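Topology and contacts: notes
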Amino acid sequence: MKSIRALTFDLDNTLWETDLSIFKAEDAMASHLRRLSPPDWMEGFSLDTFRAVRKQIVEEQPAIAHNLTVVRRETLIRWFENQGATKSIAEKLASEGFRIFYEERQKVEPYPDTVETLEILAKTYPLAAITNGNADLMAMPLGRYFQFSLQSQHFPKPKPDPVMFEEALKRLSIQPNECLHIGDDIEHDVIGANRLGIRTVWFNTRALVIEEDVPADHTITNLKQLLDILK
Ligand SMILES: [Mg+2]
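Quick caveat, the model's predicted, so the values are computed rather than measured. (Residues numbered from 1 in each chain as written. Predicted model: local features only at pLDDT ≥ 70, side-chain atom pairs only at ≥ 80, totals over all residues.)

A word on the packing of helix α1 (residues 18-36) against helix α4 (residues 87-105)
Where α1 meets α4, the axes come as close as 8 Å, and the angle between the chain directions of the two elements is 145°. Crossing of α1 over α4 shows right-handed handedness. Contact residues: α1 offers Ser-21, Ile-22, Lys-24, Ala-25, Glu-26, Ala-28, Met-29, His-32, Leu-33 and Leu-36, while α4 offers Leu-93, Glu-96, Gly-97, Ile-100, Phe-101, Glu-104 and Arg-105. Partitioned by chemical class, the residues of the contact of α1 with α4 number nine nonpolar, three polar and five charged. (Axes fitted to C-alpha atoms, helices over the stretch in contact; angles between N-to-C directions. Helix = DSSP H or I, 4+ residues; strand = E, 2+ residues; numbered from the N terminus. Left-handed = near helix turned anticlockwise from the far one by under 90°. Contact = placed C-beta atoms within 7 Å. Nonpolar A, V, L, I, M, F, W, Y, C, P; charged D, E, K, R; others polar.)

So, the domain arrangement of the chain
Splitting the chain by domain gives domain 1 (6-16 + 109-229) and domain 2 (19-105). With centres defined by C-alpha atoms, the gap from domain 1 to domain 2 works out at 29 Å. Every contact between the two is made by nine residues of domain 1 and, on the other side, six residues of domain 2. Classifying every residue of the side of domain 1 that touches domain 2 by side-chain character gives three nonpolar, five polar and one charged. (Domains from an automatic or database assignment.)

Structural notes on unusual backbone geometry
Between Lys-159 and Pro-160 the backbone carries a cis peptide bond, its omega angle lying at 15°. Relative to the assigned elements, Pro-160 resides in the loop between β3 (148-151) and α6 (162-172). Of note in the backbone geometry, Asp-113 takes a positive phi value of approximately 75° without being a glycine. On the basis of neighbour counts, which here come to 14 C-beta atoms within 10 Å, the residue Asp-113 falls in the partly exposed class. (Buried ≥ 20, exposed ≤ 12 C-beta atoms within 10 Å, placed from the backbone.)

What about helix α7 (residues 186-196)?
Three or more residues of α7 are buried, namely Ile-186, His-188, Asp-189, Val-190, Gly-192 and Ala-193. Buried residues along α7 sit against α6, β4 (179-183) and β5 (199-203). Gly-197 lies just past α7 and shows a positive phi near 95°.

A closer look at the packing of helix α3 (residues 68-82) against α4
One can describe the packing of α3 onto α4 by two numbers: an axis separation of 8 Å at closest approach and a directional angle of 135°. Between α3 and α4, the angle is such that the two are oblique. Seen from above, α3 lies across α4 with right-handed handedness. Facing Arg-72, Arg-73, Leu-76, Ile-77, Phe-80 and Glu-81 of α3, the residues of α4 in contact are Lys-87, Ile-89, Ala-90, Glu-91, Leu-93, Ala-94, Gly-97, Phe-98 and Phe-101. (Parallel < 35°, antiparallel > 145°, perpendicular 65-115°, else oblique.)

Some details on the nonpolar core
Ranked by internal contacts, the top residues of the largest apolar core, which has 35 residues, are Ala-128, Ala-129 and Ala-168. Residue contributions to this core peak at five residues, all from α6. When sequence neighbours within four positions are dropped, the list of residues in contact with Ala-128 reads Ala-6, Thr-8, Phe-146, Gln-147, Phe-148, Ala-168 and Leu-172. (Core = buried A, V, L, I, M, F, W, Y, C linked by C-beta atoms within 7 Å.)

Remarks on the pairing of strand β1 (residues 6-9)
Both faces of β1 are covered, namely the face carrying Ala-6 and Thr-8 and the face carrying Leu-7 and Phe-9. Strand direction decides the pairing type here: β1 and β4, joined by four bridges, are parallel. In the strand pairing of β4, Thr-8 is matched with His-181. Examined bridge by bridge, β1 and strand β2 (residues 127-131) share three bridges and lie parallel to one another. (Pairing = 2+ DSSP bridges.)

Side note on the environment of Phe-45
Considering the arrangement of structural elements, one finds Phe-45 in the loop between α1 and α2 (47-60). It is 7.8 Å that separates the C-alpha atoms of Phe-45 and Ala-30, two residues lying 15 residues apart in sequence.

Considering the sheet that holds β2
An order of β3-β2-β1-β4-β5-β6 is seen for the six strands of this open sheet, with the pairing classed as parallel. Strands with a single pairing partner mark the edges of an open sheet, and in this sheet they are β3 and β6 (218-220). Strand-to-strand, the axes of this sheet are offset by a mean angle of 20°, without reference to chain direction. Here β5 runs beside β6; their pairing, made up of three bridges, is parallel. Pairing of Trp-202 across the sheet is with Thr-219, part of β6. Each of β4 and β5 is contacted by α7, which is oriented at about 165° to β5, the strand it contacts most.

Here it is in structure tokens:
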């Protein structure tokens, strides 16, 4: 792939396993909120009950669905209001809960070979990130390999919409066919980037599912395989 001049990466479940870090962050958030609020307000709080309220919020306000920060805050506010908290108390608790969640959520464990591979790639290519999540890559140790990271919460629409891909191409000053996008989500990453003419690598992170007819230029099961593709 000689014509490739820059690489863009998805983050969650591409550079690290997300579910584990989110699970730990939600646990830390719940413990923190239990310490701050009257015992009965958090009595029925669990992953399931939290998700049920979140589903309701997203159904009521589909326009905020791509902004996970706002969705989480609104969900917490609704939770505490449902328990009888005033709007202002609910907002304060939501801010505290989100603060702890966000802090913990950034403590991700990169997949094996991720650091090593990025280190090699960054010597040859500008690297950028495009995420639908709220990971703050540039504040993480991994951020040192990247020029920038685009989060969907700062854009009108998340991937697979072209808006973030277009912004990345503009900032990298390259044409779509000079860009290789790597991600684990077939719709958001592969189909989204493909539609613009960006070359794609589907990272079958979990290597569990055999997908036929994935419209990606390449499929990998370990990030290191990128080095062979780019030879
Ligand atoms: Mg992903």
